[in-house]
Amino acid sequence: MEEKCAIAKDVTELIGNTPMVYLNNVVDGCVARIAAKLETMEPRSSVKDRIGYSMINDAEEKGLITPGKTVLIEPTSGNTGIGLAFIAAAKGYKLILVMPSYVTLERKMVVLAFGAELYLTDPAKGIQGVFDKTDEILQNTPSGYILNQFENPSNPKIHYETTGPEIWKGTGGKVDILVAGIGTGGTITGAGHFLKEKNPVIKVCGIEPTESAVLNGGKPGPHKIQGIGAGIIPKVLHTELLDEVLQVSYENNIAVANLNQGKMLLNISSEEAIETAKLLALKEGLLVGISSGAAAAAAIKLAKRTENAGKLITVIFPSFGERYLSSVLFDSIRDEAENMKFD
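Read on for a plain summary of the structure. It should be emphasised that the depicted structure is a prediction, and the values quoted were computed from it without experimental measurement.

Concerning the overall build of the protein chain
From N to C terminus, the protein chain includes 9 helices and 11 strands. On C-alpha atoms alone, the protein chain measures out to a radius of gyration of 20 Å, which is about the 20 Å that the 2.2 N^0.38 rule sets for 343 residues. The dimensions of the protein chain, computed from C-alpha atoms along their principal axes, are 60 × 55 × 55 Å. Expressed as a percentage of the 343 residues in the protein chain, the buried residues total 52%. For the protein chain, contacts bridging at least 24 residues in sequence account for 68% of all contacts bridging at least 6. When the accessible area of the protein chain is evaluated, it comes to approximately 15,800 Å², of which 53% is carbon and sulfur surface.

With respect to the sheet that holds strand β4 (residues 94–100)
Read from one edge to the other, the open sheet built from 4 strands follows the order β5-β4-β3-β6, with strand pairing classed as parallel. The sheet is open, and its two edges are formed by β5 (117–121) and β6 (144–146), each paired on a single side. Strand-to-strand twist in this sheet, taken as the mean axis angle between neighbours without regard to direction, amounts to 20 degrees. Direction of pairing for strand β3 (residues 71–75) relative to β6: parallel, over a ladder of 3 bridges. By the bridge assignment, Ile73 is partnered in β6 with Ile146. In the packing of helix α2 (residues 79–91) onto the sheet, the strands contacted are β3 and β4, and the crossing angle to β4 comes to about 165 degrees.

Focus on empty space enclosed by the protein
One pass over the structure, following the stated rule, counts 1 cavity of 30 Å³ or more. Counted as a void, the largest cavity has a volume near 50 Å³. Lining the largest cavity are Ile182, Gly183, Glu208, Ser212, Val214, Leu215, Gly229, Ala230, Gly231, Ile232, Pro234 and Leu237.

Some details on the side chain of Thr134
Summarising the element assignment, Thr134 is placed in helix α4 (residues 126–139). Owing to a relative accessible area of 2%, Thr134 belongs among the buried residues under this scheme. When near neighbours in sequence (up to four residues on either side) are disregarded, Thr134 contacts Ile73, Pro75, Val98 and Ile146.

Focus on unusual backbone geometry
Residue Asn17 is not a glycine yet carries a positive backbone phi of 55 degrees. By secondary structure assignment, the location of Asn17 is in the segment before β1 (20–22). Despite not being glycine, Ser45 shows a phi value in the positive range, around 70 degrees.

Examining helix α5 (residues 154–170)
With 17 residues, α5 ought to run about 24 Å at 1.5 Å a step, and its terminal C-alpha atoms sit 23 Å apart, in line with that. Remark: the principal bend of α5, roughly 35 degrees, maps to Tyr160. Within the span of α5, buried status applies to Ser154, Asn155, Pro156, Ile158, His159, Thr163, Gly164, Glu166 and Ile167. On its buried face, α5 is in contact with β1, β2 (33–38), α1 (48–61), β7 (177–181), α6 (186–198) and β11 (312–317). Looking one or two places after α5, you find Gly172, whose phi comes out positive at around 65 degrees.

Details of the pattern of salt bridges
Where charged atoms from two side chains of opposite charge approach closely, those side chains can pair. Overall, the coordinates contain 15 salt bridges when judged by the stated rule. With its nearest N and O atoms 2.7 Å apart, the salt bridge here joins Glu166 to Lys37. Residue Glu166 is found in helix α5, and its partner Lys37 is found in strand β2; the two are separated by 129 residues along the sequence. Where Lys62 meets Asp58, a salt bridge forms, and the shortest distance between an N and an O atom there is 3.1 Å. You can call Lys62 exposed: its relative accessible area is 53%. A network of salt bridges, in which partner residues are shared, links Lys37, Glu39, Glu42, Arg50 and Glu166.

Concerning the side chain of Thr141
Within the fold, Thr141 resides in the loop between α4 and β6. There is a polar contact of 2.5 Å between the side chain of Thr141 and the backbone oxygen of Ile137. Ignoring anything within four residues of it in the chain, the contact list for Thr141 reads Val71, Ile73 and Ile96.

A closer look at the layout of surface pockets
Each pocket or cavity is described by its volume, and for the largest pocket that value is around 920 Å³. In this structure, the largest pocket is lined by 48 residues; those nearest its centre are Ser77, Ile225, Gln226, Gly227 and Ile228. Only α2, α4, β7, α6 and α8 (290–303) provide two or more residues apiece to the lining of the largest pocket. Residues belonging to the lining of the largest pocket are distributed by class as follows: 22 nonpolar, 24 polar and 2 charged. As a volume, the second largest pocket reaches approximately 240 Å³. Among the secondary structure elements, those contributing two or more residues to the lining of the second largest pocket are α1 and α5. The class makeup of the residues in the lining of the second largest pocket is 3 nonpolar, 7 polar and 6 charged.

Criteria and thresholds
- Residues numbered from 1 in each chain as written.
- Predicted model: local features only at pLDDT ≥ 70, side-chain atom pairs only at ≥ 80, totals over all residues.
- Heavy atoms only, no water.
- Helix = DSSP H or I, 4+ residues; strand = E, 2+ residues; numbered from the N terminus.
- Rg over C-alpha atoms; globule rule 2.2 N^0.38 Å.
- Buried < 20%, exposed > 50% of the residue type's maximum accessible area, 1.4 Å probe, protein only.
- Contact = heavy atoms within 4.5 Å.
- Areas by Shrake-Rupley, 256 points an atom, 1.4 Å probe, with all protein chains shown as cover.
- Pairing = 2+ DSSP bridges.
- Axes fitted to C-alpha atoms, helices over the stretch in contact; angles between N-to-C directions.
- 1 Å grid on protein atoms, 1.4 Å probe; cavity = no way out; pocket = protein on both sides within 12 Å on 5 of 7 lines; lining within 4 Å.
- Points joined across faces, edges and corners; volume = space filled by probe spheres on them.
- Expected span 1.5 Å × (residues − 1).
- Bend = angle between axes of the 7 residues up to and from the residue.
- Salt bridge = Lys/Arg side-chain N within 4 Å of Asp/Glu carboxyl O.
- Polar contact = N/O pair within 3.5 Å; in protein donor to acceptor, adjacent residues only side chain to side chain.
- Nonpolar A, V, L, I, M, F, W, Y, C, P; charged D, E, K, R; others polar.

So, in structure tokens, the structure goes:
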């Protein structure tokens, strides 16, 4: 019998089916088990590879865009832009991205390496400044098309079709709690929807920055956690799926009122998120970004609650740590590395 060829037709066939792994060495005091979904192992190292493929593929199937003719345009904090950039390169699209200027150097360099055109906006203008610049570019770009990750239903759809089923299969249907950061809300909406259909008692817990805790009734504001906390409630986010919204703060010991319909609040500092990300590298061999550190810190706190004894928590690690080498996450070792001398 002829063996099936295992070589992918193109890079898009490598997206998804990321592995899961238990956390073993950062879980002291935990009474629940924690399994991480490693979206760090996507082709371009983030969960946004999934929606980059989904949004482009869906628009193609609807006849809305055509390679070599349509100019794709997208506002992004980085990872979605990278997810779009490598697929646009493979398919032959011109891509224009708009990012706030504070995003890491790595994000800017990677999208430029894939041939994308990049515009930066004043961070003081927030997410609205990014949206305004995107609209301006669209008005001046013949054949331009905005994919719009914050409103595009193909964003949560791909997570309903792939991420959720992968978690269900990977845990043997034993997952009790899903933990994920909220940027566009696509991951937690799609995966959460699928998992709750399979088992309605599964808890879905989101994470947002305290400084931009709009889901908990707060006001949008600047913060240090790239990839989550856009300062808006995105249209693709189904808030009714959320059993709890956990806040991440850049400063320690901030007292925060929980305004999210009486749901329990877990406050996590960004310092803790950064330290947890460092510990994941040192003790688990997992190099992840700050938002992954925040997700892990939240999962660890949930795993210490007595009511969660014996349960299985799945936490999504959205992106690889090398994308954050120029960020505060690696300040100490970057200084050490830059000042090393040869013998």
